[in-house]
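Analysis of the macromolecular model
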Amino acid sequence: MDEQPKVSVIIPVYNTEAYLREAVESVMQQTLHEIEIIIVNDGSTDGCSSIIDELSSKDKRIHSFVQENQGQSIARNNGMLHAEGAYCYFMDSDDILRKDALEECYQTCEAETLDFVYFDADIINECQSTSFSMDYHHDGIEEKVYDGSDILNYLIDTCQLKIPPYLFFIRKQYLLNNDLHFFPGIIHEDELFTMLLYLGATRVKYIGKEFFLRRIREASTMTKRISRRNVEGYFTVFRELKCFAAGKSPLVQNIIIRYIKLTLNAFLRNAHEMTMIDKLRTCGHCLNEGVVKYISLKVFIRFLLP
């Protein structure tokens, strides 16, 4: 009988054949051996399938599934349905995980009965045509146990909220108890997931180590030009969070308002190159969702200028 996995690593895959082997092997080589690697092939049309088959034949801990192309959210959700580990980790198929990451996260969560831990990441920038950069480090945070809402409050106040799921190592029972999953059919679904992850937690800890290498590459979601899909994704997140806030404590409601304000202004600052038609549509969204009051005048003027 196979040993019960301690961690389920869930990897959605879509057309990343150039990076997939290195990503999966970085999980296979973890110092924590008692893991399962759940790979969900989201209808890839390149050589990912043959790579997955080859790696699966070498390591019985790999369980692969295939679905029609439905997007990363559904791939992750389907992966969670098969997870048998006590913890879940969401890996991307073009990045790299340091060898001791899962073991240290597991030991920390077990020793202190945590809902989740979060950590830092480094960047591998492969974009020759852009100076795109992202800081995945945290400053001024003690390595002690926090309430989720309290530390989220601090992260928003200090503009240090990091959204990507690959920065979190999460107890599976916590996900189940809070019915946490990824909203399907949109981009920026990680924003909603991570906010709800923090807001439901009572025992959270930061590990100040760079456990993850994030690859920034051409044609990835992170580097594509802003489009209507970005607008629709963000406003879906705002709408869902406002629904979640209804009936919650003043602290939670205030956190969500400040998150929307921070995120909306950051998005508009980066969206000034949109066409005027899309800018007007975005203004309509702001009016319909009642978030105009959160936009700074300086940001709004810059957004509307050609």
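For the structure, see preceding data.
Residues numbered from 1 in each chain as written. Predicted model: local features only at pLDDT ≥ 70, side-chain atom pairs only at ≥ 80, totals over all residues. Heavy atoms only, no water.

Turning to the overall build of the protein, a few remarks are in order. Along its length, the protein carries eleven helices and eight strands. Over its C-alpha atoms the protein spans a radius of gyration of 20 Å, differing by no more than 12% from the 19 Å that the globule rule assigns to 306 residues. When the backbone C-alpha atoms are referred to their principal axes, the protein occupies close to 60 × 45 × 30 Å. The proportion of buried residues among the 306 residues of the protein is 52%. Element-wise, carbon and sulfur atoms account for 51% of the exposed surface of the protein, whose accessible area totals about 14400 Å². Within the protein, one finds 33 positive and 44 negative side-chain charges whose respective centroids are separated by 7 Å. (Helix = DSSP H or I, 4+ residues; strand = E, 2+ residues; numbered from the N terminus. Rg over C-alpha atoms; globule rule 2.2 N^0.38 Å. Buried < 20%, exposed > 50% of the residue type's maximum accessible area, 1.4 Å probe, protein only. Areas by Shrake-Rupley, 256 points an atom, 1.4 Å probe, with all protein chains shown as cover. Lys, Arg positive; Asp, Glu negative; His and termini not counted. Charge placed at Lys NZ, Arg CZ, Asp CG, Glu CD.)

Evaluation of the coordinates by the stated rule reveals 19 salt bridges. Of the charged contacts in the structure, one is a salt bridge between Arg215 and Glu22, with a shortest N-O distance of 3.1 Å. Of this pair, Arg215 sits in strand β8 (residues 204–216) while Glu22 sits in helix α1 (residues 17–28), and the two are 193 residues apart along the sequence. Relative accessible area serves as the criterion here: at 42%, Glu22 is assigned to the partly exposed category. In this structure, Asp95 and Arg214 form a salt bridge, with 2.9 Å as the shortest nitrogen-oxygen distance. (Salt bridge = Lys/Arg side-chain N within 4 Å of Asp/Glu carboxyl O.)

What follows covers the state of the cysteines. Chemically, a disulfide is nothing more than a covalent bond linking the sulfur atoms of two cysteines. One pass over the full model with this rule turns up zero disulfides. Cysteine Cys109 remains unbridged, with the sulfur of Cys105 as its closest cysteine sulfur at 6.6 Å. (Disulfide = S-S within 2.5 Å.)

Now for the packing of helix α7 (residues 189–199) against helix α9 (residues 250–270). Put simply, α7 and α9 touch, their axes get as near as 12 Å, and they point 155° apart. Considering their axes alone, α7 and α9 lie roughly antiparallel with respect to each other. For the element pair α7 and α9, the recorded crossing hand is right-handed. Here Glu191, Met195 and Leu199 of α7 lie close against α9, whose contacting residues are Val252, Ile255, Ile256, Tyr259 and Thr263. Grouping the amino acids of the contact of α7 with α9 by side-chain chemistry returns six nonpolar, one polar and one charged. (Axes fitted to C-alpha atoms, helices over the stretch in contact; angles between N-to-C directions. Parallel < 35°, antiparallel > 145°, perpendicular 65-115°, else oblique. Left-handed = near helix turned anticlockwise from the far one by under 90°. Contact = heavy atoms within 4.5 Å. Nonpolar A, V, L, I, M, F, W, Y, C, P; charged D, E, K, R; others polar.)

Whether parallel or antiparallel, the strands of a sheet pair through hydrogen bonds between backbone atoms. The eight strands are arranged β3-β2-β1-β4-β7-β6-β8-β5 in an open sheet whose pairing can be described as mixed. The two strands at the open ends of the sheet, each matched to only one other strand, are β3 (62–67) and β5 (96–97). Looking at chain direction, strand β2 (residues 35–42) and β3 are connected through six bridges and run parallel. Among the inter-strand pairings, Ile38 is bridged to a residue of β3, identified as His63. Lying over the sheet, helix α4 (residues 101–112) contacts β1 (7–13), β2, β4 (87–90), β5, β6 (116–125), β7 (168–171) and β8, oriented at roughly 160° with respect to β8. (Pairing = 2+ DSSP bridges.)

A separate point is the environment of Val299. Its location among the elements puts Val299 in helix α11 (residues 297–304). Sequence separation between Val299 and Leu268 is 31 residues; the distance between their C-alpha atoms is 6.8 Å. Ignoring any residue separated from it by four or fewer positions in sequence, one finds Val299 in contact with Asn265, Leu268 and Arg269.

We now examine α1. Given a rise of 1.5 Å per residue, twelve residues ought to cover 16 Å, and the 17 Å separating the end C-alpha atoms of α1 matches this to within 8%. For α1, the full list of buried residues reads Tyr19, Leu20, Ala23, Val24, Ser26, Val27 and Met28. Contact partners of the buried residues in α1: β1, β2, α2 (48–58), β3, β5 and β8. (Expected span 1.5 Å × (residues − 1).)

Per the stated rule, a full pass over the model turns up 20 aromatic pairs. Between Phe235 and Phe238, the ring centres sit 5.5 Å apart and the planes meet at 80°, which makes this aromatic pair edge-to-face. Of this pair, Phe235 and Phe238 both sit in helix α8 (residues 228–245), separated by three residues, roughly a single helical turn. Of the two residues examined, Phe235 and Phe238, each falls in the buried class. Feature note: the residues Phe116, Tyr118, Phe168, Tyr174, Tyr198 and Tyr206 constitute an aromatic cluster, connected by ring pairs. We note Arg76 situated over the ring of Phe182; from NZ or CZ to the ring centre the distance is 4.7 Å. (Phe/Tyr/Trp six-rings, centres within 6.5 Å; stacked < 30°, edge-to-face > 60°. Lys NZ or Arg CZ within 6 Å of the ring centre and 35° of its normal.)

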